[in-house]
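Chains, contacts and geometry: an overview
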There are 2 protein chains.
Amino acid sequence: MKYKAEILCVGTEILLGNIVNTNSAEISRGLASIGVELYHHTVVGDNPQRLKEALEVAFSRNNLVITTGGLGPTYDDLTKETIAAFFGRRLVTDPDSEQRVRAYFARWNRPMTENNLKQAMMPEGCTVLPNDNGTAPGCILEDAAGRVAVMLPGPPREMGPMFRQQVMPWLQQRSDQVLRSHNVHFFGIGESALEAQLRDRMEAMENPTLAPYAKDGEVLLRVTAAAKTEAEAEALMAPVLRKLRETFPDLIYGVDVGDLQTAAVQTLKRLHLTAATAESCTGGLVSKRITEVPGSSEVFGFGVVSYANQAKMKLLGVQAATLETCGAVSQQTAAEMAAGVRALSGADIGISVTGLAGPDGGSTEKPVGLVYIGVDSPWHSEVRRLNLDRGYAIGREYIRWVAASHALDLLRRTAEMR
Amino acid sequence: MKYKAEILCVGTEILLGNIVNTNSAEISRGLASIGVELYHHTVVGDNPQRLKEALEVAFSRNNLVITTGGLGPTYDDLTKETIAAFFGRRLVTDPDSEQRVRAYFARWNRPMTENNLKQAMMPEGCTVLPNDNGTAPGCILEDAAGRVAVMLPGPPREMGPMFRQQVMPWLQQRSDQVLRSHNVHFFGIGESALEAQLRDRMEAMENPTLAPYAKDGEVLLRVTAAAKTEAEAEALMAPVLRKLRETFPDLIYGVDVGDLQTAAVQTLKRLHLTAATAESCTGGLVSKRITEVPGSSEVFGFGVVSYANQAKMKLLGVQAATLETCGAVSQQTAAEMAAGVRALSGADIGISVTGLAGPDGGSTEKPVGLVYIGVDSPWHSEVRRLNLDRGYAIGREYIRWVAASHALDLLRRTAEMR
C-alpha cells in the first residue's frame, strides 16, 4: 500500500503555545526514515466539530492520518469518539486494555476513578496499541477503502515509544521498499558553505540522496538510499560515505554518532584517556554535555566552574598577574585554566572556556561573543579564539552553546592527536 | 475587526522532522496573550500547489492567516508569489527593502548575488515589515473582504522579533479589548493535584480565567483577564493572585519570574547572598542553569563537578570513610559535599547533588532515580532525598533536570530562611 500521510495533532495547549509540537517532528522523522510520504501537519484544539472537519480535509488529500492527543480519561478527550464516528464504528470495551489500566493503578497503589476505564473503550475492529508508558492505549483503524487512522497518545514519552515500536513496524510491513540513511556530522563549516561545495553532486544524485541540515552551530548531512533490502541500501551508500570522509577529513566528526559530546566521550574511551573541564562563561555546560553521555564517568570525573576570578586563582592556579594584565577573558587565562584543571584533576586532557556571553560586559576591545577555548595535554596545548557575535542579537544561550561545542570539538581532536 | 487566525508554516524541513516547529508555538503564545482566537496550525512543504490549496482551506475557516517561511532568495522560496496570486496582486520592487538588502551585504562585506533582490519584491499594496535580523522582509496583505495574510520569515531569530515588534502591535490596534495575563509558578505539586484543588474555582470563574500547564516537572498557572484597559485587567486579577499566594504559600516560587534559576538568583541578589555548587549526577546542570541568568556572577562564582569520588575527596573534603561506608549516593555524602563546597568557595550557601541518573548503575537498595540534594549554610543545613523514578523509562536527562530543579528550589528556600 502506498501511503500519503498527514499528522493531525489534537490539543488546545498546542494552539495556546504552551507546548511545542515535538510529536509532529518525531513522527515526521520516523516516516521520512521509512520512506512514507508526508505532505501536511495540522493542529486543532480539543473540539470535536473542528476535529471532524480537519479529518475531512485530511482524508480528502491523504490516505493515512496519524493523530496525537485526546485519548485520555477526561471529558475533553474525544479523539477516539470522533474518529470512530467518522469511520462509522462503535466504541467497545477492550478487555486487555481494561486489565492494563486497572493493573497500572494497582501497581502504583493509586485509587482509580471510573473515568479511567473510558481509555479502554476502543473503536470496533481496530488494532490496539498497548501503552507501556502510561494508561491510554493507541489504535490503528482501517476501512475498506484503504484509509488508515493511527491514534497515538499526546505525551511525548508515551507517543514516542508507541510510534517507534508499534506503528513504524506496522507501516514497514506494508511497504515494498526499505529506506536507510546515515547521518554525517560536520563541525566547523556552515550549511551554505557545505551546500555550495556539494551542490553539483547533490543535484546529480538520485539514489542515494544527500540533504544538509543546519542545527545549533553544526551541520548534519543525511545520506539516504532506497532499495529492496537493507543490504542493498547499505551497498549504495558505502562509496558515498567513503568519498565524503576523503573530501572532508577535518570537518566530519562522526557518522551516526549523535552529537559532539558522544563523539568526544567515545574517542576518549577508545584511547583510554580522561578529561577535566574548567569553565567560566559556559558555567558548567561543557561538563553537563559530557555527562549526558551514559558511561561518561569512565573518562570524566572532574570539573570546575570558575565563574569568579577568585575561583580561577584558588582552584586552578591562574596567576593574579595574568588576570590583572590580560584579563579573565584572554588567551593566557584560558591556557592557565586548562593547565590548572589538568594538574588539579590528574586527567590526561584539560579543557577550558572563558569568554563574554553577554548580554552585558562587552567592550570595543573585548566584545560580547569573544571566547577563548584552551586545551592542555602532555602532547598538545592550544588556545582557540572565537568571535561568536554575528552582528545581531544571537543571544547569551547560543553563544554559550557554540562555545561549548568548540570545547567538545577541541577535546576530541586533541585526544585523536595522541 | 474580530480575527480568527490560522498559522500556516511553509517548509519541507518541518515535514521531514529536521526542525521542530517552534515558530507556531511562539506565534500562538503571542496571539493568546492579546486575545486573538486561533483554531488551526498547518504545515506544508515548499510546494506552491499544496500551499495554494492550504490557503484555500485556511481562508475557508479563518480570516487571518499568518505564514512563516518561503521568503528567502532561492528558487523554492515561493510564499509571497503564491499568496500574492491568491489575493490577485502583482509583486513589485519595494525600494526601501532593496536598499536594506544591499546594505546588509555591504555591512558584512559579503558579495550579493542577484537572487537576493527577489526578497525586495513585495505584493502590491502590502504593509512591508522590515527585517532587523536578516535579509527577507515580511509583509501584511489585506483584501476588501477583510481577509489578512501576514507573511513572516522562517528562521526563528528573524520571525520572533518581527512578530512581537511589528505584527502584535498591528493586531492590537485593531482590537477593542486588551488581554493581560500573569504566570504563577509552582514547584512541588503536580498538575493534576493542583487542578483538583482549584477545579471548583476554575469552573466558576469567567474573567479572569485560570489555566494550569505542566512543564518539565513544574506547573505554571496562567491567570488571564480581558478588559477595556490594561489597568482594569490588572484590577480584575489582583484579588485572584492574592488569594493564590495565601492558599499556596509554600508551593508558589514566583509570579512572572520565568523559571527556578531566575527566582533563585533574584532571591540571592535581594538578600545579598552568594551560592556555590557541588554536583555529581547533574554534571554541571545546576551551575549551567544558574549562569543562564544574566548578571548571575553577582551571586555565583564557584562550582565543582565532582563526578569521580577522587574529586569529592580532593576538592570538597568528603571523607573516604563516608564514601566507603555510605556510598557516593547517600545523605552523608550530599551533606559533606554541600559543606565542602561552601568552605572551599567562601559562599554563604553550598548546594550539592549526588544521585543515580541511570540508565545503568542502579540496585534494589539504591535504584536509578535516587538523588540526594544537600544544602549547607550558617543558618540552615538539610538533605532532601528524592526518588525520581516513575516506574517507567523517564530517562537520564529528565532525572537530571528534575534533580537540578530541586537543587534550585532548595537554594532559594534556604536563602529566604536567612
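Up top you'll find the structure we're talking about.
Now for a look at the structure at hand. (Residues numbered from 1 in each chain as written. Chains lettered and ligands numbered in written order. Predicted model: local features only at pLDDT ≥ 70, side-chain atom pairs only at ≥ 80, totals over all residues.)

Attention now moves to the sheet that holds strand β6 (residues 127–129) of chain B. Spatially, 12 strands are ordered β6(A)-β7(A)-β8(A)-β3(A)-β1(A)-β2(A)-β2(B)-β1(B)-β3(B)-β8(B)-β7(B)-β6(B) in an open sheet, and the strand pairing comes out mixed. This sheet does not close on itself; its edge strands, each paired only once, are β6 (127–129) of chain A together with β6 of chain B. Geometrically, the sheet is characterised by an average inter-axis angle of 15° between neighbouring strands, direction not taken into account. Both β6(A) and strand β7 (residues 138–142) of chain A contribute to a ladder of three bridges, which runs antiparallel. If you follow V128(A) over to β7(A), its bridge partner there is C139(A). Packing against the sheet, helix α4 (residues 79–86) of chain B makes contact with β1 (4–10), β3 (64–68), β7 (138–142) and β8 (148–152) of chain B, and its axis sits at approximately 170° to β8(B). Docked against the sheet, helix α6 (residues 156–173) of chain B engages β3, β6, β7 and β8 of chain B, running at close to 155° with respect to β8(B). (Pairing = 2+ DSSP bridges. Helix = DSSP H or I, 4+ residues; strand = E, 2+ residues; numbered from the N terminus. Axes fitted to C-alpha atoms, helices over the stretch in contact; angles between N-to-C directions. Contact = placed C-beta atoms within 7 Å.)

What follows deals with the interface of chain A and chain B. With 59 residues of chain A at the interface, the matching set in chain B holds 58 residues. Looking at the side of chain A that touches chain B, the elements that each hand over two or more residues are α1 (12–15), α2 (22–33), β2 (37–44), α3 (48–61), α10 (285–290), β14 (300–305), α11 (309–316) and α14 (396–417) of chain A. The pairing of β14(A) with strand β14 (residues 300–305) of chain B spans three bridges and is antiparallel. In the sheet register, G303(A) faces β14(B), and the bridge partner there is V305(B).

By size, the foremost hydrophobic cluster in this structure holds 120 residues, and its most contacted members are A407(A), L411(A), A407(B) and L411(B). If we skip the residues at most four places from it in the chain, A407(B) touches V286(B), I351(B), V353(B) and I373(B). With 86 residues, the next largest nonpolar core counts M151(A), L8(B), I27(B) and M159(B) among its residues. (Core = buried A, V, L, I, M, F, W, Y, C linked by C-beta atoms within 7 Å. Buried ≥ 20, exposed ≤ 12 C-beta atoms within 10 Å, placed from the backbone.)

Mapping one chain copy onto the other needs a rotation about an axis and a shift along that axis. At an RMSD of 0.2 Å, chain A and chain B line up after a rotation of 180° and a shift of 0.1 Å along the axis. Read as a symmetry element, the transformation amounts to a two-fold axis. When the interface residues of chain A are mapped onto chain B, 97% of them again fall at the interface, so both copies present the same face. (Least-squares fit on C-alpha atoms with pLDDT ≥ 70 in both.)

Residues and elements named next belong to chain A. Within the secondary structure, E206 sits in the loop between α7 (191–204) and β10 (209–215). Since 7 C-beta atoms lie within 10 Å of it, E206 is described here as exposed. Along the primary structure E206 and W170 are separated by 36 residues, whereas in three dimensions their C-alpha atoms are 27 Å apart.

These values are about where atoms sit, not about what they do.
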